[in-house]
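# What the coordinates show
The lines below spell out each chain.
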Amino acid sequence: MKGSLAKNLRAYFFTGLLVLVPLGLTYSIIKLLFLAIDDILSDTVSKFILEQFGVELGQRQIPGIGFATLLIIIFATGVIARNYFGKKIVDFGDQIVQRIPLINRVYNATKQISQAFFSPKRDVIKRPVLFEYPRKGMYTIGFYTQDARGVFYNALNQELATIFLPTTPNPTTGFLLLVPKADLIEINLTIEEALKLVISGGIIVPADSNEPVATDKISNSPPANL
C-alpha cells in the first residue's frame, strides 16, 4: 500500500513537472525577450509621453511602450521600403554603406543572413541537406546555398556546394563549408522544420521523421528554389 502510494505521488510529481516546466521556461524566455526589447526605447518614449502631459518622469516607465514603439518602427519601415520612393531611399542608403570599408563587410554579412531567415522568397537558402561532419561516420544538418563553381572548381576539380552550417541554439551564426556535391544527402525536411531542429538542439523533431525517406545523393543539376 505504501509502495503504491509512493509510486503514485512520484508519478503525480513528475507529471506536474512535465506540465509546469515548459510553461515556466516559456514564460521566462518570453519575459526576458520582452524586457530586452522594451528597454531599447522605453526610457526615451516614456519620458516624451509623460512630459507632454506635464508629468515628472523620475524613475517611472510605461511598461511595454518601448516594445510597442519598436514594432511600430519596424512596420513603418516595411511600409516605406515597399513603395517606390521608399525603395529609392533604401537603395541610396545601401549604396552609401557599401562604400564604407570594413562596415560594408559586416553589413553585407548581416544582410545576407537576414534575407536567408526573414525573406519570403528564400533566395539565399535553398534547402536543408545532410552530410558527414565533423568526421566520417557523424552527420549534421546544413543549408544548401548555391553551387561553388569558378575558382573553387578550378582549384579542386570537382563539383562543390556552399553549405551554411548553423550553430545551436542561435542559427544566425555558423560556418561556411565547401562540400563535394556527391557527399550531400537529400532529407525530407522543410527549411522551417530543419531550423526548429537546430534551434532546439534536436529536441523538436518533425512528426514524420521516423518514416523512411529517400537518401539519394544530390544531383549535379542546380537546385530549384523553395
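Residues numbered from 1 in each chain as written. Predicted model: local features only at pLDDT ≥ 70, side-chain atom pairs only at ≥ 80, totals over all residues. Heavy atoms only, no water.

So, on to the overall build of the chain. Along its length, the chain carries six helices and five strands. Secondary structure elements of the chain occur, N-terminal to C-terminal, as α-α-α-α-β-β-α-β-β-β-α. Counting over 226 residues, the chain shows a buried share of 24%. Restricting to contacts in the chain with at least 6 residues of sequence separation, those with at least 24 account for 47%. Carbon and sulfur atoms form 66% of the exposed surface of the chain, whose accessible area is close to 16600 Å². (Helix = DSSP H or I, 4+ residues; strand = E, 2+ residues; numbered from the N terminus. Buried < 20%, exposed > 50% of the residue type's maximum accessible area, 1.4 Å probe, protein only. Contact = heavy atoms within 4.5 Å. Areas by Shrake-Rupley, 256 points an atom, 1.4 Å probe, with all protein chains shown as cover.)

Within the structure shown, the criterion is met by five salt bridges. For Glu-132, the salt bridge is made with Lys-136, and the minimal N-O distance between the two is 3.9 Å. In this structure, Arg-149 engages Asp-147 in a salt bridge whose closest nitrogen and oxygen atoms are separated by 2.8 Å. Judged by its relative accessible area of 48%, Arg-149 is partly exposed. (Salt bridge = Lys/Arg side-chain N within 4 Å of Asp/Glu carboxyl O.)

For strand 3 (residues 160–166), the buried fraction is high: seven of the seven residues fall into the buried class. Residue alternation in strand 3 divides its side chains into two sets, Leu-160, Thr-162, Phe-164 and Pro-166 and Ala-161, Ile-163 and Leu-165, and both sets are buried. Taken together, the five bridges between strand 2 (residues 139–148) and strand 3 define a ladder with antiparallel strand orientation. Each residue of the ladder has a partner; that of Phe-143, found in strand 3, is Phe-164. Relative to strand 4 (residues 174–180), strand 3 runs antiparallel, the two sharing seven bridges. Within strand 4, the position partnered with Leu-165 by the bridge is Phe-175. (Pairing = 2+ DSSP bridges.)

The next thing to look at is unusual backbone geometry. In the segment running from Tyr-133 into Pro-134, the intervening peptide bond is cis, with an omega of 5°. Phi is positive for Asn-157, which is not a glycine, with a value near 55°.

Hydrogen bonds along the backbone pair up the strands of a sheet, which may run parallel or antiparallel. With respect to topology, five strands assemble into an open sheet ordered 4-3-2-1-5, the strand pairing being antiparallel. On the outer flanks of this sheet lie strand 4 and strand 5 (185–186), each paired with one strand and no other. The sheet contact formed by strand 1 (residues 127–132) and strand 5 spans two bridges and is antiparallel. Counted as the bridge partner of Val-129 is Glu-186 from strand 5.

Attention now goes to helix 6 (residues 191–199). Those residues of helix 6 lying buried are Ile-191, Ala-194, Leu-195, Leu-197 and Val-198. Along the axis of helix 6, the buried positions cluster into a sector of 160°, meaning they face one direction only. Of the residues flanking the end of helix 6, it is Gly-201, one or two places downstream, whose phi is positive at about 70°. (Arc of directions from axis to C-beta.)

Once that is clear, we can look at the side chain of Asp-147. For Asp-147, the location among the structural elements is in strand 2. Here Tyr-144 takes part through its side chain, which lies 2.3 Å from a polar atom of the side chain of Asp-147. At 2.8 Å, the side chain of Asp-147 and the side chain of Arg-149 are in polar contact. (Polar contact = N/O pair within 3.5 Å; in protein donor to acceptor, adjacent residues only side chain to side chain.)

Once that is clear, we can look at helix 3 (residues 84–98). Its 15 residues place the ends of helix 3 21 Å apart at the C-alpha level, agreeing with the 21 Å of an ideal helix rising 1.5 Å per residue. One side-chain oxygen at the N-terminal end of helix 3 lies 3.3 Å from the backbone nitrogen of Phe-85; it belongs to Asn-83. (Expected span 1.5 Å × (residues − 1).)

What follows concerns the nonpolar core. Of all hydrophobic cores here, the largest spans 10 residues; its members are Ile-125, Ile-141, Phe-143, Phe-164, Ile-187, Leu-189, Ile-191, Ala-194, Leu-195 and Leu-197. Contributions of two or more residues to this core are made by strand 2 and helix 6. When residues in this core are grouped by element, the largest group, four residues, is from helix 6. Membership of the second largest hydrophobic core comes to nine residues, among which are Phe-131, Tyr-144, Ala-161 and Val-179. (Core = buried A, V, L, I, M, F, W, Y, C linked by side-chain atoms within 4.5 Å.)

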